[in-house]
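# Structural characterization, general
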Amino acid sequence: MSEILFKKNLNIGSISAECDSEFLENCFIETSEYKDIIDFNNRKIILLGRTGVGKTALLNQLKFYSKAIYIEIKPDTFALQYITNIPFVSKLKEQGVNLDIFYKFLWLHEIISQVIKKYFAYNKKNFFLELKERASDKGRINELHKYIKEYEGIFFNETANEKITSELEKAVSALLGNKTLGSINVKLTESVKKEIQAHTSQYINKKQISQLKNIITLLKEYFAQNKQQKIIVAIDNLDEDWIDPDSKYCLINALLNAVKMFIDFSNLKILLAMRADLLAKTCEVVNRQNEKDDAYILRINWTRDALLHLLDKRVQYLFKFKYNKNSQISAKDIFNFQINNIPACDYIVDRTMMRPRDLIEFVNLCIEEADGSTKITPSNVLNAEKHFKRKRFQALSHEWLSVYGNIEPYSELLNLLGNTFKYIDLLSDNKYKEIEEIVYKKYWQNPMFKDFLEINNPTEKSSKEKNIRNILNAAYIMGLIGIKDSNGVSYATPNSPTLESWDYHTELQFVIHPLFAPHS
């Protein structure tokens, strides 16, 4: 180890998958989740996991998968903002007209046009000749030809969506006696809204959805005759602010419905990546039955051993290939000491939220602290931990901003507790009074504590229990606390994203995450 000189510009990769291509390509671990998504007989298509767990990294790795054509669709690039903000669509939303079928059609059109464009490297003559050679249904081939001809010149760009929207507006205008929705300033009656709803659905189903269904059937038949060539369509960044919140959940609901129309393709797989809370919120807002999606969900989790293996591969790559060292230097070689009687590698993993992003960031900070030295010391790790804690708290605040607002109150409330506590402890008069005082003094304007203030009655056990459970559940969902039992400590995962009623057993212990523990 004496031949190593740590420098602050050394690192084991980037916390952003988009900027981590070199390490990702050379240090990628073929996890069971990766094997599932390249198995075209596996119908798991919704990659569910927290920010930083590696959803984007998994999708990016598929770009190097030689057995498949990789097609990427970004939700912020094909005019969805335009579609949802034009006066006609805005007015339909304002009037309470359900646009699910319209949104579903937009997704279907985008997916089909991208597959045709990328797979066939679109050449109209050769494209149709190839279809005729491999597909027997000439009627559907003619339907596809008519559909593409109708949108000649704009089929593969956002202008197609504009034209589709314009045609729908004309159809609705005709229903209203050639009046535009914008010219109607009064609230439509329920009967008129139902008529518009029925007409909109009928128009899209008859004119567009039916055409796309024919195309889907045609492509399915074509690909069944060409099984060697695989296609992966990846749709990522659904968690980001690519559209206004009111429209996002409806569009995601429509996307989930659209992709299931391709589920029986033997060599086409559409993969969606999103956070578990986004899917849960979508189900809540649009009243979607989430159990219908269970069969298609692939939950992304990391074990301690997998994270340590990932750390080893990245450390070895750093020193063998980037630092031009021939020796096989492992993570245990550079962290060959203990902190508080815990092996340093385990200490570091304990302070992550079991996500690659956390691990990469923490170790990079340790290397930065050892700048100019030939070894990393326990004090370097402890100093790095202080910076890591601040960065992680900021990242958590950003991650959960739209759900919980500022998470500072939860951190402050947890500081009232020991590192380990019981649910029943928080119901004691003294401890509940401390919590109550903090909420009333500092956070009475915080919308996330509105329920606390409305239902708060310290003399009623049910009121106290509901308030404490709401606080604990939020802290658990964010990863600030875990549950301790005979098998160890478990934190929120896509398999167990929230606390259940049985988790509030009087003897069950909660543990504050080591990174945020007030008495660590």
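Above this note sits the structure.
None of these values were measured; they are calculated from a predicted model. (Residues numbered from 1 in each chain as written. Predicted model: local features only at pLDDT ≥ 70, side-chain atom pairs only at ≥ 80, totals over all residues. Heavy atoms only, no water.)

## Regarding the environment of Q197
Position of Q197 relative to the elements: it lies in helix 10 (residues 190–224). Accessibility expressed as a relative area gives 22% for Q197, which makes it partly exposed. With 96 residues separating them in the primary sequence, Q197 and I101 have C-alpha atoms 9.9 Å apart. (Helix = DSSP H or I, 4+ residues; strand = E, 2+ residues; numbered from the N terminus. Buried < 20%, exposed > 50% of the residue type's maximum accessible area, 1.4 Å probe, protein only.)

## Remarks on the environment of I512
Locating I512 in the fold gives a position in strand 11 (residues 509–512). Sequence-wise, I512 and Y476 are 36 residues apart; in three dimensions their C-alpha atoms are separated by 9.3 Å. The residues touching I512, leaving out its near neighbours within four places in the chain, are L414, L417, G418, N419, F421, L480, I481, Y491, A517 and P518. (Contact = heavy atoms within 4.5 Å.)

## Brief notes about the pattern of salt bridges
In the structure shown here, the tally under the stated rule is 16 salt bridges. In this structure, E361 engages R392 in a salt bridge whose closest nitrogen and oxygen atoms are separated by 3.3 Å. One end of the pair, E361, is in helix 16 (residues 356–369); the other, R392, is in helix 17 (residues 378–399), with 31 residues separating them in the sequence. A relative accessible area of 10% places E361 in the buried class. Take R392: its relative accessible area is 7%, and that puts it in the buried class. Note that K464 is salt-bridged to D429, the shortest N-O span being 3.2 Å. Residue K464 is found in helix 23 (residues 461–478), and its partner D429 is found in helix 21 (residues 429–442); the two are separated by 35 residues along the sequence. Look at D429 and you get exposed, because its relative accessible area is 60%. One network of salt bridges, in which partners are shared, links R50, R355, D358, E361, R392 and E399. (Salt bridge = Lys/Arg side-chain N within 4 Å of Asp/Glu carboxyl O.)

## Overview of unusual backbone geometry
Despite not being glycine, N340 has its phi angle at roughly 55°, a positive value. Positionally, N340 belongs in the loop between strand 6 (338–339) and strand 7 (342–343). In this model, M354 sits at a positive phi of 60°, which is unusual for a non-glycine residue. Tracing the backbone shows M354 in the loop between helix 15 (344–350) and helix 16.

## What to know about the packing of helix 16 against helix 17
Put simply, helix 16 and helix 17 touch, their axes get as near as 8 Å, and they point 135° apart. If you check the angle between helix 16 and helix 17, you find them oblique. Considering only the axes of helix 16 and helix 17, their crossing is right-handed. Here helix 16 contributes R357, D358, E361, F362, L365, C366 and E369 to the contact with helix 17, which in turn contributes N380, V381, N383, A384, E385, H387, F388, K391 and R392. The class makeup of the residues in the contact of helix 16 with helix 17 is six nonpolar, three polar and seven charged. (Axes fitted to C-alpha atoms, helices over the stretch in contact; angles between N-to-C directions. Parallel < 35°, antiparallel > 145°, perpendicular 65-115°, else oblique. Left-handed = near helix turned anticlockwise from the far one by under 90°. Nonpolar A, V, L, I, M, F, W, Y, C, P; charged D, E, K, R; others polar.)

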